[in-house]
Protein chains: 2
Amino acid sequence: MYHAVIMAGGSGTRLWPLSRKKSPKQALKLIGERTMLNHAVDRIMALFGPERIVVVTRDEHYQVLSGQAPELPPDNFILEPMGRGTGPAIGLAAIHLRKKDPDATMAVLTADHFIADTARFRQALASASKVAANGHLVTLGIKPSSASTGFGYIKQGKSLSTVEDFPVFGVERFIEKPDRETATAMVKSGDYAWNSGMFIWRVDRILEEFKRQMPDFYAQLSQVEAALGTPDYQATIRRVWPQAAKETIDYGIMEGAKDVAVIRVDIGWSDVGSWGSLFELLPTDKNGNIIVGPHAGIDTRGSLLFGKKRLIATIGLKDMIVVDTEDAVLVCPKDREQEVRDIVERLGKDGLDAWS
Amino acid sequence: MYHAVIMAGGSGTRLWPLSRKKSPKQALKLIGERTMLNHAVDRIMALFGPERIVVVTRDEHYQVLSGQAPELPPDNFILEPMGRGTGPAIGLAAIHLRKKDPDATMAVLTADHFIADTARFRQALASASKVAANGHLVTLGIKPSSASTGFGYIKQGKSLSTVEDFPVFGVERFIEKPDRETATAMVKSGDYAWNSGMFIWRVDRILEEFKRQMPDFYAQLSQVEAALGTPDYQATIRRVWPQAAKETIDYGIMEGAKDVAVIRVDIGWSDVGSWGSLFELLPTDKNGNIIVGPHAGIDTRGSLLFGKKRLIATIGLKDMIVVDTEDAVLVCPKDREQEVRDIVERLGKDGLDAWS
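Given the structure is predicted, the values throughout are model-derived calculations rather than measurements.

Tell me about the relation of the copies chain B and chain A, and name the residues and values.
Once chain B is rotated about the relating axis by 180° and shifted along it by 0.1 Å, it coincides with chain A to within an RMSD of 0.0 Å. The transformation just described matches what one would write down for a two-fold rotation axis. A shared binding surface is used by both copies, with 100% of the interface residues of chain B retained as interface residues in chain A.

Go over the sheet that holds strand β17 (residues 328-333) of chain B, please, and point to the residues and values.
Hydrogen bonds along the backbone pair up the strands of a sheet, which may run parallel or antiparallel. A sheet is described by the order of its strands in space; here 6 strands give the open sequence β13(A)-β15(A)-β17(B)-β16(B)-β14(B)-β12(B), paired in mixed fashion. Looking along the sheet, the strands with just one partner apiece sit at the ends: β13 (295-298) of chain A together with β12 (290-292) of chain B. On average, each strand axis in the sheet is tilted by 5° relative to the strand beside it, whichever way the strands run. With 5 bridges joining them, strand β16 (residues 320-324) of chain B and β17(B) adopt antiparallel strand pairing.

An account of the sheet that holds strand β16 (residues 320-324) of chain A is needed here, citing residue identities and associated values.
Pairing is mixed in the open sheet, where 6 strands are placed in the order β12(A)-β14(A)-β16(A)-β17(A)-β15(B)-β13(B). Of all strands in the sheet, those bounded by a partner on one side alone are β12 (290-292) of chain A together with β13 (295-298) of chain B. The average angle at which neighbouring strand axes cross in this sheet is 5°, direction not considered.

Lay out the domain arrangement of chain A with the relevant residues and their values.
Residue and element names in this part refer to chain A. Looking at the assigned domains, one finds that chain A contains domain 1 (2-271) and domain 2 (275-355). A straight line from the C-alpha centre of domain 1 to that of domain 2 covers 29 Å. Taken together, the contact pairs 11 residues of domain 1 with 16 residues of domain 2. The residue makeup of the side of domain 1 that touches domain 2, split by class, is 7 nonpolar, 2 polar and 2 charged.

Which residues make up helix α5 (residues 180-189) of chain A, and what values go with them?
Residues and elements named next belong to chain A. If you check which residues of α5 are buried, you get Ala 183, Met 186 and Val 187. The buried residues of α5 occupy one face: seen down the axis, they fall within an arc of 95°. The outward face of α5, more than 90 degrees from its buried face, is lined by the exposed residues Glu 181, Ala 185, Lys 188 and Ser 189. Its buried side turned inward, α5 meets β7 (153-163) and β9 (192-202). Just downstream of α5, Gly 190 is the residue with a positive phi angle, here 80°.

Requested: an account of the packing of helix α7 (residues 215-227) of chain A against helix α8 (residues 233-240) of chain A, with residues and values cited.
All names here are of chain A. One way to put it is that α7 packs onto α8 with a least axis distance of 8 Å and a crossing angle of 170°. By the angle between their directions, the pair α7 and α8 is classed as roughly antiparallel. Of the residues in α8, those in contact with Gln 220, Gln 223, Val 224 and Ala 227 of α7 are Tyr 233, Thr 236, Ile 237 and Val 240. Split by residue class, the contact of α7 with α8 holds 5 nonpolar, 3 polar and no charged.

Give me the lowdown on the interface of chain B and chain A, citing residues and values where you can.
Across the boundary between the two partners, chain B contributes 30 residues, which contact 30 residues of chain A. It is β17(B) that provides the largest number of residues to the side of chain B that touches chain A, a total of 6 residues. For the side of chain B that touches chain A, the per-class residue count stands at 20 nonpolar, 2 polar and 8 charged. In the sheet, strand β15 (residues 311-315) of chain A pairs with β17(B) via 4 bridges, with the strands oriented parallel. Directly across from A:Ala313, in β17(B), lies its bridge partner B:Leu330.

An account of the environment of A:Ala257 is needed here, citing residue identities and associated values.
Within the secondary structure, A:Ala257 sits in the loop between α9 (249-252) and β10 (260-265). If we skip the residues at most four places from it in the chain, A:Ala257 touches A:Leu137 and A:Glu209.

Before we move on, could you go through helix α3 (residues 86-100) of chain B and cite the residues and values that matter?
Residues and elements named next belong to chain B. Compared with an ideal rise of 1.5 Å per residue, which puts 15 residues at 21 Å, α3 spans 21 Å between its outermost C-alpha atoms and is within 8% of the ideal. Most of α3 sits out of view: 12 of its 15 residues are buried. Among all positions of α3, only Thr 86, Gly 87, Pro 88, Ala 89, Ile 90, Gly 91, Leu 92, Ala 93, Ala 94, Ile 95, His 96 and Leu 97 are buried.

Kindly report on the pairing of strand β10 (residues 260-265) of chain B, identifying the contributing residues and their values.
Residues and elements named next belong to chain B. Buried residues dominate β10, accounting for 5 of its 6 residues. Where strand β6 (residues 137-142) lies against β10, 6 bridges are found, and the strand directions are parallel. Bridged to Ile 142 within β10 is Val 265. The sheet contact formed by strand β8 (residues 166-175) and β10 spans 3 bridges and is antiparallel. Of the residues in β10, the one forming a bridge with Val 168 is Ile 263.

What counts as what
- Residues numbered from 1 in each chain as written.
- Chains lettered and ligands numbered in written order.
- Predicted model: local features only at pLDDT ≥ 70, side-chain atom pairs only at ≥ 80, totals over all residues.
- Least-squares fit on C-alpha atoms with pLDDT ≥ 70 in both.
- Contact = placed C-beta atoms within 7 Å.
- Pairing = 2+ DSSP bridges.
- Helix = DSSP H or I, 4+ residues; strand = E, 2+ residues; numbered from the N terminus.
- Axes fitted to C-alpha atoms, helices over the stretch in contact; angles between N-to-C directions.
- Domains from an automatic or database assignment.
- Nonpolar A, V, L, I, M, F, W, Y, C, P; charged D, E, K, R; others polar.
- Buried ≥ 20, exposed ≤ 12 C-beta atoms within 10 Å, placed from the backbone.
- Arc of directions from axis to C-beta.
- Parallel < 35°, antiparallel > 145°, perpendicular 65-115°, else oblique.
- Expected span 1.5 Å × (residues − 1).

Set out below in structure tokens:
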């Protein structure tokens, strides 16, 4: 059977002060009245149904996230004691699925992206499972809409096939976040796609790659797998996980994997990684502003004013970000939004932990 | 006897969102942990004592202000049903004092200014009462520290005397807020002082001027005076006050008054009229910032970050004002602080009255 694994383990410090230790990015209502996790579940419900949608997250976020997705069986939340990167998180999901369904195919999906064309996205996932059936590790490559330096890229290799109307290519290589010049050249060539972090593969195939490429971690994972369904499970994962090395799936597996394929898709995909990313996602008014919550403004342009109940009043702002939450307010120019994570780092040092 | 009348009737829209309809400027803690009314009472307590300090304000502010000054007898709050400008407010205080003490001298003082040298201020008030004793209407003229265009000026006439070590002059004329060029010339000449809005006079003298220069209002005031101490007082002032024309003491009385004198003082006087004025009053840190309340900042300079309990986080701000209150936040460049009052005006129109 085909299962979806939604990766929901991140914290999203660049979305502070809305994202917090106790309220990670996936739990936030950034786009409309549904949280990022809600969006992630909603868009695949028609394809997988609640029984075959699994969420991987950290213990500390279970309460918040499971409360937001009551439609999913509680057992479908797979919990890590702490984050160990996407590699171990995916490995953990894979052994859970193997136990439940040895013939499982899994789609690794994200909760921190927005997808405008959800119907097309579901078509792509359905087609990808057919490519994965023969043993390929499939990645969804996003047709680039700009020379972004914020994503990794995938260089497409030779054409393998066309499934439904999706072109499938081999993968020549994975490229880390490039500089502007490289990005421009790659997008111009037409041979590159954005690495979306979404993957489709058979569970037996990905575990085979773990065994081959990350043998130490695979040994650790096997201890956890042996304890699955026994009273020792919690104790085992709590013992093993702190010892596991941090690793991303890209570094640890994909770059050295066999039979990697990329399906090129155009699904209105956007990263929701920072406040500035909302400018790509939310409609602006006639002054170029995105305004959420009550606002009173004079001569305010190109700005994101993101509040809830409290009033945000602005005079003479241009290209600024103001985010107002119950106990904190952030004011920062749009072109310095990347430094929000530095503020969060500083909170710990300056005795302002209460706000981190 | 010598009495002090603290004028506390204004609302202070340029200090929004801290100042509100229900929480006027006088009630705010802008400088340290005492409110503006507290500062105004504290600095004259040694000279007048609680019995001879009177506060004039509007009915709607009585609860808040009397709660802040429990040291004053409740009867020492003189209440207007609505604001009618400084002229009628002073007239009302004058008839109350005449009833209580026909030989009273009154010092009309403000609650929306800060005075650094309070000892010198009390000396000036004591000396001024001696000048007022012979029938002069005395104003305190502030030695200008800059060519401000935000105040009215007083042109000093011939020297009348020196009382203690305060020089006393006749007043040649009152000048409204000037343009920059005029202000510069006036300050350079040395013959001008800032009009502080503080006056010292005998109650019989000022009421004589009301009778001569504002006869219609004086007739109205006489109706209120006749009702003083009777059960009809409330009904009378509520009937009369809405009919009284708005007038300032400067326009209505001072510009046409006889025997006006100015005492030139240097007492560390500052207007506290707007957020920008706090830059003259509060110490800045090494980055030129004034920070009240918890703050986390990166590359923030020359800015006022005025909060209380909530965290204000800033990145890359220069010469900005951020004021954070329980239910609203204001963000505005320092050089546009005068437009804060326009925001307040807009609140009514845009259905945001709850925040006005």
